[in-house]
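Descriptive analysis of the structure
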Amino acid sequence: LPYKSTNFGGVATGFDFGPLVGVRAYYLRSFDDKLFSDFDRLEVWGGEGKFKLASSGGLIPFLTAGGGKINVLSGYENPDFSIAATDTVGIEGRGFASGGGGFDLALSRHVKLSAFARAMLTSSNKSVVENISSPDELSTSWLYGASLNFIIGKKPENPKNMPNYNSNESYDTR
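Residues numbered from 1 in each chain as written. Predicted model: local features only at pLDDT ≥ 70, side-chain atom pairs only at ≥ 80, totals over all residues. Heavy atoms only, no water.

1. Let's talk about the overall build of the protein
Secondary structure assignment for the protein yields 0 helices and 7 strands. When the helices and strands of the protein are listed from N to C terminus, the series reads β-β-β-β-β-β-β. Residue burial in the protein is summarised as follows: out of 174 residues, 25% are buried. Restricting the contact set of the protein to residue pairs at least 6 apart, pairs at least 24 apart contribute 52%. Only carbon and sulfur atoms are counted for the fraction: they give 58% of the accessible area of the protein, which is about 11500 Å². (Helix = DSSP H or I, 4+ residues; strand = E, 2+ residues; numbered from the N terminus. Buried < 20%, exposed > 50% of the residue type's maximum accessible area, 1.4 Å probe, protein only. Contact = heavy atoms within 4.5 Å. Areas by Shrake-Rupley, 256 points an atom, 1.4 Å probe, with all protein chains shown as cover.)

2. A few points about the packing of aromatic side chains
Considering all chains together, one arrives at 0 aromatic pairs under this definition. One residue, Lys 50, lies across the ring of Phe 62, its end atom 4.3 Å from the ring centre. Positioned over the ring face of Tyr 26 is Arg 118, at 4.8 Å from the centre of the ring. (Phe/Tyr/Trp six-rings, centres within 6.5 Å; stacked < 30°, edge-to-face > 60°. Lys NZ or Arg CZ within 6 Å of the ring centre and 35° of its normal.)

3. Quick look at the pairing of strand S2 (residues 21-31)
Consecutive residues of a regular strand have side chains that alternate between opposite faces of the sheet. Taken together, the 9 bridges between strand S1 (residues 8-16) and S2 define a ladder with antiparallel strand orientation. For Gly 9, the partnering residue across the bridge sits in S2 and is Arg 29. Counting the residues that bridge the hairpin from S1 to S2 gives 4 residues, and of these Gly 18 lies at a positive phi of roughly 95 degrees. (Pairing = 2+ DSSP bridges.)

4. Overview of the pattern of salt bridges
Pairs can form between side chains of opposite charge whenever their charged atoms are close. Tallied over the entire structure, the rule returns 4 salt bridges. For Lys 50, the salt bridge is made with Asp 104, and the minimal N-O distance between the two is 2.9 Å. Of this pair, Lys 50 sits in strand S3 (residues 39-52) while Asp 104 sits in strand S5 (residues 94-106), placing them 54 residues apart in sequence. With a relative accessible area of 7%, Lys 50 lands in the buried category. (Salt bridge = Lys/Arg side-chain N within 4 Å of Asp/Glu carboxyl O.)

5. Overview of the side chain of Lys 112
Here Lys 112 shows up in strand S6 (residues 111-123). Within the structure, Lys 112 has its side chain in polar contact with the side chain of Asp 104 (distance 3.3 Å). Residues in contact with Lys 112, not counting those within four places in the same chain, are Lys 50, Lys 52, Asp 104, Leu 105, Ala 106, Leu 107, Ser 147, Leu 148, Asn 149 and Ile 151. (Polar contact = N/O pair within 3.5 Å; in protein donor to acceptor, adjacent residues only side chain to side chain.)

6. So, a nonpolar patch on the surface
A surface patch of nonpolar side chains, about 780 Å² in accessible area, is lined by Phe 15, Phe 17, Leu 20, Val 21, Val 23, Phe 51, Leu 53 and Leu 63. On the secondary structure map, Phe 17 appears in the loop between S1 and S2. (Patch = residues over 30% accessible without salt bridge, like charges linked within 9 Å, V, L, I, M, F, W, Y side chains within 5 Å.)

7. Notes on the confidence of the model for the protein
Averaged over all residues, the pLDDT of the protein equals 77, while 66% of them reach at least 70. Every residue in residues 83-89 is under pLDDT 50, and counting partners more than four places away or in other chains gives 14 contacts. (pLDDT = per-residue confidence, 0-100.)

8. Comments concerning the environment of Thr 140
Summarising the element assignment, Thr 140 is placed in strand S7 (residues 138-150). Ignoring anything within four residues of it in the chain, the contact list for Thr 140 reads Ala 119, Met 120 and Leu 121.

Structure below.
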């Protein structure tokens, strides 16, 4: 792809629907030269499904599948690529499909550490992803990293611990 290798920083948010399935949305922005330098003119945004392979404590593996967009902002330049992004035949943004996996490690009830690797599959030429006719028109870029996650909310209470719980009474008769 016509993008230079770079470090990204960003934000993600999501919802879990039970202990094994969740959805996530993310926004990443590239750094200019090194990690935590000025931002460069390349961004990635997308969404994905997260599927945990276990629900116990400790190290929990997961798989992800999703997609998004690599967006080239005005003024982006890659010294290894001869055409600037402002030219009509130059570097352009592309859609991508992604898939990967990783591990979650709970540090406390509301904080966890995640490590992941994600393959981003997209078109290697200027054609749009929908018009791909052979596998050699695809390129794979790897995105890998770690994140610190803050969990907001609490688990639902056990119905037996709720006030006015009567195990002989059904919900329909209340």
